[in-house]
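Structural overview
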Amino acid sequence: MEGTTSEVFRIVTLSSGISRGSNLLAINDYFREKANNFSIEYAVFTSVKAPAIDKCRVSQIPYIVFSARNMELFEKSMLEIIQDKQIHLVVLCGFLKRLSSSFIDSIEIPILNIHPALLPRFGGLGMYGMAVHEAVFASQETHSGATVHLVDDHYDHGRIIAKEEISISGCKSANEIADKVLTVEHMLYPRAIVSYLQATKSVC
Ligand code: GAR
């Protein structure tokens, strides 16, 4: 088991109503197999229609739905969960809305996000989903990858805490790049979460 401290770390994930939940599942599997002192306390979705909700049911991940139509109410509900459950970290897993600066400041715990392709050249503001991989493919880059970063006021541009590069020279389409990068994300994200929280704990 990689979680060496006995402290329990409680996490809330945040996903949109169209999330596939592949990162969420990868994180949950990693916690259960390799880091038992980490748990997903709640997977939060912005719609009951999220395809990932069925996966939560199968994998017995507790989930809850908060509409994000009114972001003020959404953030208020998030804050209540974070305080009630004594959450240590918010993990974005395919969340498409922008969180407000006041929310980011007020929760007093970090928020992490994962981004496909290596910042800052690709995947900047306004470039989501397959558009990122299409841009990488069109640029004839030999490498892509993923970055895990802290969410700050600029949302997708916070400090990078972990990154992994992968060769894409054999990829014949943007879809092939997307599949390869997703595999990297599933390996990188859970490990980055565990290392980050353990390091945070060791400096307290
Ligand atoms: C992932 O590819 C992740 O990198 C991306 O959304 C996808 C979510 O997939 N996130 C961003 O682009 C953040 N701006 P998932 O729902 O299968 O985990």
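Here the structure is a predicted model, which means the values were calculated and not measured.

1. Things to note about the site of the ligand
- Near the ligand, the surroundings consist of 14 residues, among which Ser 19, Arg 20, Ser 22, Asn 23 and Glu 185 are the closest.
- Interatomic distance of 2.6 Å between a side-chain N/O atom of Ser 22 and an oxygen atom of the ligand.
- For the ligand, the accessible surface in isolation is 450 Å², of which the surrounding protein chains cover 89%.
- Taken together, the elements giving at least two residues each to the shell around the ligand come down to helix H1 (22-34), strand E5 (111-116) and helix H6 (174-202).
- Sort the elements by how many residues they give to the shell around the ligand and E5 lands first, with four residues.
- When its residues are assigned to classes, the shell around the ligand shows four nonpolar, seven polar and three charged.

2. A word on the nonpolar core
- Of all hydrophobic cores here, the largest spans 34 residues; its most connected members are Phe 31, Tyr 189 and Ile 193.
- Among the secondary structure elements, those contributing two or more residues to this core are strand E1 (9-15), H1, strand E2 (38-45), helix H2 (52-59), strand E4 (89-92), E5, strand E6 (143-150) and H6.
- Counting 22 residues, the second largest nonpolar core, distinct from the first, contains Val 12, Val 44, Ile 82 and Ile 87.

3. Describing H1
- The end-to-end C-alpha separation of H1 is 18 Å, in line with the 18 Å expected for 13 residues at 1.5 Å each.
- Of the positions making up H1, those classed as buried are Ser 22, Asn 23, Leu 24, Leu 25, Ala 26, Ile 27, Asn 28, Tyr 30 and Phe 31.

4. Quick word on the side chain of Ser 19
- Inspection of the secondary structure puts Ser 19 in the loop between E1 and H1.
- Ser 19 gets classed as buried once you look at its relative accessible area, which sits at 6%.
- A polar atom in the side chain of Ser 19 sits 3.0 Å from the backbone nitrogen of Gly 21.

5. Let's talk about the pattern of salt bridges
- Using the criterion set out here, one finds two salt bridges in the structure.
- Of the charged contacts in the structure, one is a salt bridge between Arg 57 and Asp 54, with a shortest N-O distance of 2.6 Å. Pair noted here: Arg 57 and Asp 54 are both in helix H2, with a separation of three residues, about one helical turn.
- Classification of Asp 54 as partly exposed rests on a relative accessible area of 48%.
- Among the salt bridges present, the one from Lys 76 reaches Glu 80, with a minimum N-O distance of 3.6 Å. Taken as a pair, Lys 76 and Glu 80 lie in helix H3 (residues 71-84) at a separation of four residues, close to a single helical turn.

6. Focus on H3
- Between its first and last C-alpha, H3 extends 20 Å over 14 residues, near the 20 Å set by a 1.5 Å rise per residue.
- Among all positions of H3, only Met 71, Phe 74, Glu 75, Met 78, Ile 81 and Ile 82 are buried. Projected down its long axis, H3 shows its buried positions confined to an angular sector of 120 degrees, all on one face. Summarising the geometry of H3, the exposed residues directed more than 90 degrees from the buried face are Glu 72, Leu 73, Lys 76, Gln 83 and Asp 84.
- Packed against the buried residues of H3 are E1, E2, strand E3 (63-65), E4 and helix H4 (101-106).
- Its side-chain oxygen at 3.0 Å from the backbone nitrogen of Glu 72, Asn 70 defines the N-terminal cap of H3.
- Count one or two residues on from H3 and you reach Gln 86, which has phi positive near 50 degrees.

Rules used in this analysis
Counting restarts for each chain: residues are numbered from 1 in the order of the written sequence. Since the coordinates come from a predicted model, pLDDT governs what is reported: local features require at least 70, and pairs of side-chain atoms require 80 or more to be given and counted, while whole-chain, interface and lining totals use all residues. As a rule here, side-chain values come from all non-hydrogen atoms in the structure, and water together with hydrogens is ignored. We call a residue near a given molecule or strand whenever any one of its heavy atoms falls within 4 Å of it. Here a polar contact is recorded for every N or O atom pair within 3.5 Å, except that within protein the pair must consist of a potential hydrogen donor and a potential acceptor, and residues adjacent in sequence are included only if both atoms are side-chain atoms. Here, Shrake-Rupley sampling with a 1.4 Å probe gives the accessible areas, and only protein chains in the shown set may cover a residue. Each helix is a run of DSSP H or I of at least 4 residues and each strand a run of E of at least 2, with the numbering of both proceeding from the N terminus. Only Asp, Glu, Lys and Arg are considered charged, only Ala, Val, Leu, Ile, Met, Phe, Trp, Tyr, Cys and Pro nonpolar, and every remaining residue, Gly among them, polar. The criterion is simple. A nonpolar core is a set of buried Ala, Val, Leu, Ile, Met, Phe, Trp, Tyr and Cys residues joined through side-chain atoms within 4.5 Å. The classification of residues rests on relative accessible area computed with a 1.4 Å probe and restricted to protein chains. Under 20% of the type maximum is buried, over 50% is exposed, and intermediate values are partly exposed. Here, expected helix span is obtained from the residue count minus one, scaled by 1.5 Å. A side-chain nitrogen of Lys or Arg and a carboxyl oxygen of Asp or Glu constitute a salt bridge if their distance falls within 4 Å. Think of the arc as the fan of directions from the helix axis to the C-beta atoms. For this analysis, residues touch if any pair of their heavy atoms sits within 4.5 Å.

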